[in-house]
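Single-letter residue listing:
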Amino acid sequence: MTTIDLTALRKFTLETGQPTHPEMLDTVPMEHVQDIEIDQEHITITYNQTINHYYNTSENIEREWIYKYNEDPEFVAAVAKVIDLARKHLHDLPENIACPPGCAECCSGYEPFVSRSDVERIASHLHLTPQEVLDEYIVKRTSADGYHLGWIRKVTDDIADQCVFLKESRPGKFYCGIYEGRPDDCRDFSPIGCTDVDTTLSRNKPLKIGAPFQPKRRKNSRRK
Ligand code: SF4
Ligand code: SF4
């Protein structure tokens, strides 16, 4: 990990009106840079993002480093180095994102919302009709804009329980039973900010998964 030593910039702060004591600077290591914005006066680097997922919403916590720069060539050179390092992290980021195989903690306690196209994809994957998927596996709650039809059921009525499609290959090793058909919410879910995952799970070893999820009712079966 590369650490950017912000305290080394303090001699410039006298001219720019920024904090002059290292204690007043945010010296937390700058990791996982999300964004670098440069306008005519300021450089803003957004980093160390954590996303906490709650029922039906999420909370985004991130740190920001804002610096007002001037024409001083030494200062501009120092800032250019900071930007280079930040960009390096930015480019590194996609390779660093990987879920430990078998984790699937997000498949409990988080409800993937489904759109009509998600339901149709799951239905096609399971060889069911969209209506059968809606009736059997979706808690129906249409969003105000009509885009989401509800969220995927849990194995019990407890919303903190496991997704109905989650399967276990062996104790503690989970996999999605409808992986190719999973909803966009699951496809888009990012492990950035996952701090409570089991760190003993290797990110490099592929997970041997078991049988796919089997629906209770097949297409053309009659409901009683
Ligand atoms: S690392 Fe995070 S996103 Fe990945 S499976 Fe675990 S909880 Fe889900
Ligand atoms: S559909 Fe698959 S990936 Fe999505 S929450 Fe359920 S088990 Fe996890």
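Residues numbered from 1 in each chain as written. Chains lettered and ligands numbered in written order. Predicted model: local features only at pLDDT ≥ 70, side-chain atom pairs only at ≥ 80, totals over all residues. Heavy atoms only, no water.

Student: Break down the sheet that holds strand β1 (residues 35–38) for me, with residues and values.
Tutor: Strand order across the open sheet formed by 3 strands is β1-β2-β3, with antiparallel pairing between neighbours. Pairing within the sheet leaves two strands with one partner each, and these edge strands are β1 and β3 (57–68). Strand-to-strand twist of the sheet, defined as the mean angle between neighbouring strand axes without regard to direction, takes the value 25°. Taken together, the 4 bridges between β1 and strand β2 (residues 42–54) define a ladder with antiparallel strand orientation. Residue pairing across strands places Glu 37 opposite Thr 44, the latter belonging to β2. (Pairing = 2+ DSSP bridges. Helix = DSSP H or I, 4+ residues; strand = E, 2+ residues; numbered from the N terminus. Axes fitted to C-alpha atoms, helices over the stretch in contact; angles between N-to-C directions.)

Student: Please provide a residue-by-residue account of the site of ligand 1, values included.
Tutor: In the vicinity of ligand 1, the contacting residues are Cys 99, Pro 100, Cys 103, Ala 104, Glu 105, Cys 106, Phe 189, Pro 191, Cys 194 and Val 197. Among the residues making up the shell around ligand 1, the classes are represented as 9 nonpolar, no polar and 1 charged. (Near = heavy atom within 4 Å. Nonpolar A, V, L, I, M, F, W, Y, C, P; charged D, E, K, R; others polar.)

Student: Break down the nonpolar core for me, with residues and values.
Tutor: With 20 residues, the main nonpolar core has Ile 122, Leu 126, Val 133, Tyr 137, Ile 152 and Phe 165 as its most contacted residues. Looking at which element gives the most residues to this core, the answer is helix α3 (residues 116–126), with 4 residues. Residues within four places of Val 133 in sequence aside, it is in contact with Val 119, Ile 122, Ala 123, Leu 128 and Ile 138. One finds Ile 43, Ile 45, Val 79 and Ile 83 within the second-largest nonpolar core, a separate group that totals 12 residues. (Core = buried A, V, L, I, M, F, W, Y, C linked by side-chain atoms within 4.5 Å. Buried < 20%, exposed > 50% of the residue type's maximum accessible area, 1.4 Å probe, protein only. Contact = heavy atoms within 4.5 Å.)

Student: Describe the sheet that holds strand β4 (residues 113–115), with residues and values.
Tutor: Read from one edge of the open sheet, 3 strands run β4-β6-β5, paired in antiparallel fashion. Here the strands that pair on one side only, and so sit at the sheet edges, are β4 and β5 (138–140). Between one strand axis and the next, the sheet turns through 45° on average, direction left out of account. Pairing of β5 with strand β6 (residues 148–152), which is carried by 3 bridges, proceeds in the antiparallel orientation. Opposite Val 139, over in β6, you have Trp 151 as the bridge partner. Strands β4 and β6 of the sheet are contacted by α3, whose axis makes an angle of about 90° with β4. Seen against the sheet, helix α4 (residues 130–137) touches β5 and β6 and runs at an angle of roughly 85° to β5.

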